[in-house]
Amino acid sequence: PDARIVPLHLADAAVLDLLRSGDVVDVLGAPSAGSDAAPRLLAANAIVVLVSAKPKTAGGGNDRVVLVALPGAAANALAGATLVQSVTLTIH
């Protein structure tokens, strides 16, 4: 009942072709440019709700997103983090 949906643009859009609704994923954020820090876990156990379709035209760009569900506080923190860093997923 507390779930919120967060849209994610992934650093590697090819991962989107591997995802299906219902998959459980962890979301990792890239460290800032020039940093030696390791990627940081931004959210754990997110549920994939929807993966946007591939563009029908060859020049469709990288506008695909994955929608993931998380509890409210975690979803808000993740949404904010994606404004300042690129993200990728690990699949359970």
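Every chain's residues receive numbers from 1 upward, in the order its sequence appears when written. Two thresholds apply to this predicted model, a pLDDT of at least 70 for residue-level local features and 80 or more for giving and counting side-chain atom pairs, whereas whole-chain, interface and lining totals are computed over all residues. As a rule here, side-chain values come from all non-hydrogen atoms in the structure, and water together with hydrogens is ignored.

A. Inspection of the side chain of Asp 26 at higher detail. Starting at the N terminus, helices and strands are each numbered in turn, a helix being any DSSP run of H or I of at least four residues and a strand any DSSP run of E of at least two. With respect to the element layout, Asp 26 can be found in strand β2 (residues 24–29). Relative accessibility thresholds used throughout: buried, under 20% of the residue-type maximum; exposed, over 50%; partly exposed, between the two (1.4 Å probe, protein chains only). Counted as positive: Lys and Arg. Counted as negative: Asp and Glu. His and the chain ends are not counted at all. Any carboxyl oxygen of Asp or Glu that lies within 4 Å of a side-chain nitrogen of Lys or Arg is treated as forming a salt bridge with it. Buried within the structure, Asp 26 lacks any salt-bridge partner; Arg 40 is the closest side chain of opposite charge, at an N-O distance of 14 Å. Throughout, a residue-residue contact means that at least one pair of heavy atoms, one from each residue, lies within 4.5 Å. Those residues in contact with Asp 26, other than ones at most four positions away along the chain, are Leu 41, Ala 43, Ala 44, Asn 45, Thr 88, Leu 89, Thr 90 and His 92.

B. Layout of the pattern of salt bridges. Applying the stated criterion across every chain, the model contains three salt bridges. Measuring nitrogen to oxygen at the nearest pair gives 3.7 Å for the salt bridge that ties Lys 54 to Asp 17. Here Lys 54 is found in the loop between β3 (40–51) and β4 (66–71), whereas its partner Asp 17 is found in the loop between β1 (3–8) and β2, with 37 residues between them in sequence. Residue classification places Lys 54 among the exposed residues on the basis of a relative accessible area of 53%. Exposure remark for Asp 17: the relative accessible area of 34% places this residue in the partly exposed category. Across the salt bridge formed by Arg 64 and Asp 17, the nearest N and O atoms sit 2.9 Å from each other. Residue Arg 64 is located in the loop between β3 and β4, and its partner Asp 17 is located in the loop between β1 and β2; the two are separated by 47 residues in the primary sequence.

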